[in-house]
Amino acid sequence: MGDCWVLLKMPAVRYQSGEMVMGRWPGSSLYYEVKVLGFDAESSLYTVIYKDGTELELKEPDIKPASGFQTRPRSRSRSPGRRRSRSRSPARTTRRTSSRTAAAIITDAAVPSHRDTRLKDSLEVRLSPLKQTKAAVNNGNNKHAKKEENNTASNKGEATAEAGPDKGQCRYNLRRRKDDADAKPAAAKPEQLVEEDAKPAAAPGAPTTTPLDFGGKIGAFFWLLFLPSWVFFLVLQVNQEDPSLTNSPPLLPPPGAFWDAQAFGLVVLWIVFQAVLYTLPVGKLSEGMPLRSGERLKYRTNGFFAISVSALAIAAAAHQGVDITYIHSHFLQLTAAAFLVSVLLSVYLYVRSQYAASEQLALGGSSGNLLYDFFKGHELNPRIREFDLKFFCEMRPGLIGWCLINFAMALAEMKQQGLDAPSYSMLLVNLFQLLYVVDGLWNEEAILTTMDLMHDGFGFMLAFGDLVWVPFTYTLQAYYLVRHPVPLSPPAAAAIIALKLVGFYIFRKSNSEKNAFRRNPSDPKLSHLQSIPTATGKSLLVSGWWGVVRHPNYLGDLLMALAWSLPCGFSHLLPWYYMIYFVILLVHRDARDMSECRRKYGSVWDEYCRTVPYRIIPGVY
Ligand SMILES: NC(=O)c1ccc[n+]([C@@H]2O[C@H](COP(=O)([O-])OP(=O)(O)OC[C@H]3O[C@@H](n4cnc5c(N)ncnc54)[C@H](OP(=O)(O)O)[C@@H]3O)[C@@H](O)[C@H]2O)c1
Ligand SMILES: CC(C)=CCC[C@@H](C)[C@H]1CC[C@H]2C3=C(CC[C@]12C)[C@@]1(C)CC[C@H](O)C(C)(C)[C@@H]1CC3
């Protein structure tokens, strides 16, 4: 009886996997030839793939049998209705003339006679993606771009305008099926593919393979060993009389030298202090980007408040006679303590991710391999009630701790070298990095549109990166200057300041531009910017800073990194470590982002790359 009931409730599958049908383009009355990839009984949605590689989920009413359409040779008609329909189709953004995608024009023979001719006209579309033309690029103020942006409701509006009888009924699920798992079978190396089915939480109907980042399982094992060893190597090295990276590493101190209960207590106290500031009901509650479920999480963006209160607290402590240079003299033990905290946190994150619902997981985070999942992180936004662990760790203890450590290094330099004030080099490094952190906290909301917050799971990589890597390696320049004074001439200092300001300007402008555009593409302040729409509903900026290179924010960041190393001179490689690491990190991040965007946006991303050919440095790379 129970089984019969289940059977009765099961929706009938009208279209089979592999079948070629006509799928309505979300937000319009245009139909394209699509291939059915699967059917999800739970949501009653069909997964279909368009010819440009875009995968979407469609409801049955938005699919028609191919036989209901008639194809006819391409006409050069320029009827207004036709022009209108083109401008609203994906073809508009992806014009391609290759024979492989030879164009054909179709009309919906099944259009009911009561539909007006305007609608009939609008159903004449190319089957193939069309190649991008200058005219196809939208102005940010363009109605179409505005409507498309990340908003199913707006798409609904557009369909209502065009589709007549479907008014108010056509709801599209713009969640891309590929969002359920990272599918890139053609490009992935066999040994880096894992059976998606192997994990219990795999979304129903999800693709079966996932390419793994960071060298896959073996890579994760390597990084788990290498990253902490490298941090301890640097920390031991910078304390040397001659901290040359080419020198043989110092002898490993006995294990006991790493542990200091007081240092551990101070690290925990610092994190708790930051957690308390984070939870105070002060400052704005900002909305994150829509999740796959459509939900938008709220974040307390009071980072500037947190660093201001922290600065006051540290000043008060120093005034009370607390020796802040303790941080310099116990750097190794503090590093070890923070490392221990990051490991404990990662274990907790891994365990809780095993119980998280599938829609709370990051894409590609689960390989079924313990080490890889522990390293890469699995849950996208782990939260304890309203407390967002990833956001907190990325923006608070490590970032504000970075400034505190730099400050301690300035005091240690004065103490060790008998100075009344920090050296110019130390001042520049301190002020430059303080500006970077304060800017990040002032514009804290902007982090909600970055890769880490939107796409990456929270695991060892980020926990360790946020709590250990950032505070204990980004401070090496200041640490280096404590024992290695570098005199700076005024012209050299002025040139370095100019470089920092140029870098900062590019970094801030480009990050703000993208953040503002992602939050509200209709923002009048962005009306001068051009964008191209994509099938996901989001558009891509192709002018302004995002029209100069594909990652203008990385360019600005790299210029700033250069300005942080220059005050340390050229006698050792160690203070240049950040610059070298940063180039590697950003080149890798760019590559990771490129393949992610290629997967998300299909051929429109290729068009973007053709329009904006350089990745980070104009004319060079
Ligand atoms: N100091 C450090 O250690 C460090 C390390 C890493 C990064 N950073 C800095 O952190 C900031 C964030 O970096 P991130 O790596 O997260 O990258 P990001 O450039 O902020 O974000 C990349 C995302 O932006 C969107 N996007 C790409 N091209 C676009 C376009 N033309 N128009 C509109 N949106 C576009 C895409 O996401 P959607 O399309 O899905 O929205 C893409 O996935 C950067 O300034 C970087 O320099 C600093
Ligand atoms: C463990 C390793 C090697 C890597 C982990 C990467 C992690 C340290 C970075 C990933 C994203 C970075 C980031 C900032 C700091 C470093 C990361 C967390 C950032 C918070 C620095 C301040 C900026 O203003 C920012 C734009 C908010 C940065 C966002 C990304």
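Residues numbered from 1 in each chain as written. Chains lettered and ligands numbered in written order. Predicted model: local features only at pLDDT ≥ 70, side-chain atom pairs only at ≥ 80, totals over all residues. Heavy atoms only, no water.

### Some points on the overall build of the chain
Okay, so step 1: Across its full length, the chain holds 21 helices and 17 strands.
Okay, so step 2: Across the 621 residues in the chain, those meeting the buried criterion constitute 54%.
Okay, so step 3: Contacts in the chain between residues far apart in sequence, at least 24 positions, make up 73% of those at least 6 positions apart.
Okay, so step 4: As presented, the chain carries roughly 27,200 Å² of accessible surface, and 62% of it is formed by carbon and sulfur atoms. (Helix = DSSP H or I, 4+ residues; strand = E, 2+ residues; numbered from the N terminus. Buried < 20%, exposed > 50% of the residue type's maximum accessible area, 1.4 Å probe, protein only. Contact = heavy atoms within 4.5 Å. Areas by Shrake-Rupley, 256 points an atom, 1.4 Å probe, with all protein chains shown as cover.)

### What to know about the state of the cysteines
Disulfide: a covalent bond connecting the sulfur atoms of a pair of cysteines.
Okay, so step 1: All told, the structure shown has 0 disulfides when counted by the stated rule.
Okay, so step 2: Not part of a disulfide, Cys 568 finds its nearest cysteine sulfur in Cys 403, a span of 16 Å.
Okay, so step 3: Not part of a disulfide, Cys 609 finds its nearest cysteine sulfur in Cys 597, a span of 8.4 Å. (Disulfide = S-S within 2.5 Å.)

### Here's the deal with the site of ligand 2
Okay, so step 1: By nearness alone, 15 residues border ligand 2, and Gly 440, Asp 452, Met 461, Asp 466 and Arg 589 come closest of all.
Okay, so step 2: Contact with the protein chains removes 88% of the 630 Å² of surface that ligand 2 exposes when unbound.
Okay, so step 3: For the shell around ligand 2, the secondary-structure elements that each account for two or more residues are α12 (389-395), α14 (424-442) and α16 (460-473).
Okay, so step 4: By residue number, the principal contributor to the shell around ligand 2 is α16, which donates 5 residues. (Near = heavy atom within 4 Å.)

### Observations regarding the UniProt feature "transmembrane region" (unreviewed entry) in the chain
Okay, so step 1: Taking the numbering used here, the UniProt-annotated feature "transmembrane region" (unreviewed entry) corresponds to residues 220-238, 258-280, 301-319, 331-351, 462-482, 488-507, 528-549 and 561-587.
Okay, so step 2: For residues 258-280, helix accounts for 83% and strand for 0%, while the C-alpha atoms at its two ends are 34 Å apart. (UniProt positions renumbered as here; feature names shortened; annotations may be inferred.)

### What about unusual backbone geometry?
Okay, so step 1: Its identity as a non-glycine residue notwithstanding, Arg 385 has a phi of 55°, on the positive side.
Okay, so step 2: Mapping Arg 385 onto the fold places it in the loop between β14 (383-384) and β15 (387-388).

### Here we look at the packing of α14 against helix α19 (residues 552-565)
Okay, so step 1: Direction vectors running N to C along α14 and α19 enclose 155°, while the axes themselves pass 9 Å from each other. The angle between α14 and α19 places the two elements in the roughly antiparallel class. Of the two elements, α14 crosses α19, and the hand of that crossing is left-handed. Within the contact between the two elements, α14 uses Val 429, Phe 432, Gln 433 and Tyr 436 and α19 uses Asp 557, Met 560, Ala 563 and Trp 564. (Axes fitted to C-alpha atoms, helices over the stretch in contact; angles between N-to-C directions. Parallel < 35°, antiparallel > 145°, perpendicular 65-115°, else oblique. Left-handed = near helix turned anticlockwise from the far one by under 90°.)

### Let's talk about the site of ligand 1
Okay, so step 1: Surrounding ligand 1, one finds 29 residues, the nearest of these being Tyr 474, Tyr 554, Asp 557, Lys 600 and Tyr 601.
Okay, so step 2: Taking Asn 553, its side chain carries an N or O atom lying 2.9 Å from an oxygen atom of ligand 1.
Okay, so step 3: Note that an oxygen atom of ligand 1 is positioned 2.5 Å from one of the side-chain N or O atoms of Asp 557.
Okay, so step 4: Contributions of two or more residues to the shell around ligand 1 are made by α15 (451-454), α18 (490-519), β17 (539-541), α19 and α20 (577-601).
Okay, so step 5: Sorting elements by how many residues they give to the shell around ligand 1 places α20 first, with 9 residues.
Okay, so step 6: Here the shell around ligand 1 is composed, by residue class, of 16 nonpolar, 5 polar and 8 charged. (Polar contact = N/O pair within 3.5 Å; in protein donor to acceptor, adjacent residues only side chain to side chain. Nonpolar A, V, L, I, M, F, W, Y, C, P; charged D, E, K, R; others polar.)

### Some points on the packing of aromatic side chains
Centre-to-centre distance and the angle between the planes together describe a pair of aromatic rings.
Okay, so step 1: Considering all chains together, one arrives at 42 aromatic pairs under this definition.
Okay, so step 2: For the ring pair Phe 222 and Trp 223, a centre distance of 5.0 Å and an interplane angle of 70° mean the geometry is edge-to-face.
Okay, so step 3: According to the relative accessible area criterion, Trp 223 is partly exposed, its value standing at 27%.
Okay, so step 4: Summarising the aromatic geometry, the rings of Tyr 278 and Phe 387 are spaced 4.9 Å apart at their centres and angled 90° between planes, so their arrangement reads as edge-to-face. A residue pair is termed long-range when its members are at least 10 positions apart, and Tyr 278 in helix α7 (residues 261-279) and Phe 387 in strand β15 qualify at 109 residues. For the pair Tyr 278 and Phe 387, one class covers both residues: buried.
Okay, so step 5: A cation sits over an aromatic face here: Arg 383 above Tyr 299, 4.8 Å from the ring centre. (Phe/Tyr/Trp six-rings, centres within 6.5 Å; stacked < 30°, edge-to-face > 60°. Lys NZ or Arg CZ within 6 Å of the ring centre and 35° of its normal.)

### Some details on the nonpolar core
Okay, so step 1: In terms of nonpolar packing, the biggest core is built from 110 residues, with Phe 375, Phe 391, Trp 402, Met 409, Phe 458, Trp 469 and Tyr 578 touching the most fellow members.
Okay, so step 2: For Phe 391, the contacting residues outside a window of four places in its chain are Tyr 278, Tyr 299, Arg 300, Thr 301, Arg 396, Glu 444, Ile 447, Leu 448 and Leu 453. (Core = buried A, V, L, I, M, F, W, Y, C linked by side-chain atoms within 4.5 Å.)

### Quick notes on the packing of α7 against helix α13 (residues 397-417)
Okay, so step 1: Remark: α7 packs on α13, axes separated minimally by 10 Å, with the N-to-C direction vectors making an angle of 120°. Here α7 and α13 pass one another in a crossing that is right-handed. On α13, the residues that touch Trp 270, Ile 271 and Gln 274 of α7 are Pro 397, Ile 400, Gly 401 and Leu 404.
Okay, so step 2: Partitioned by chemical class, the residues of the contact of α7 with α13 number 5 nonpolar, 2 polar and no charged.

### So, the pattern of salt bridges
Okay, so step 1: Scanning the entire structure with this criterion turns up 16 salt bridges.
Okay, so step 2: We note a salt bridge from Arg 589 to Asp 452, for which the minimum N-O separation is 2.5 Å. Highlighted residues: Arg 589 in helix α20 and Asp 452 in helix α15, separated in sequence by 137 residues. For the pair formed by Arg 589 and Asp 452, the shared burial category is buried.
Okay, so step 3: The salt bridge involving Arg 610 is made with Glu 607; its shortest N-O contact spans 2.6 Å. Of this pair, Arg 610 and Glu 607 both sit in helix α21 (residues 603-611), separated by 3 residues, roughly a single helical turn. (Salt bridge = Lys/Arg side-chain N within 4 Å of Asp/Glu carboxyl O.)

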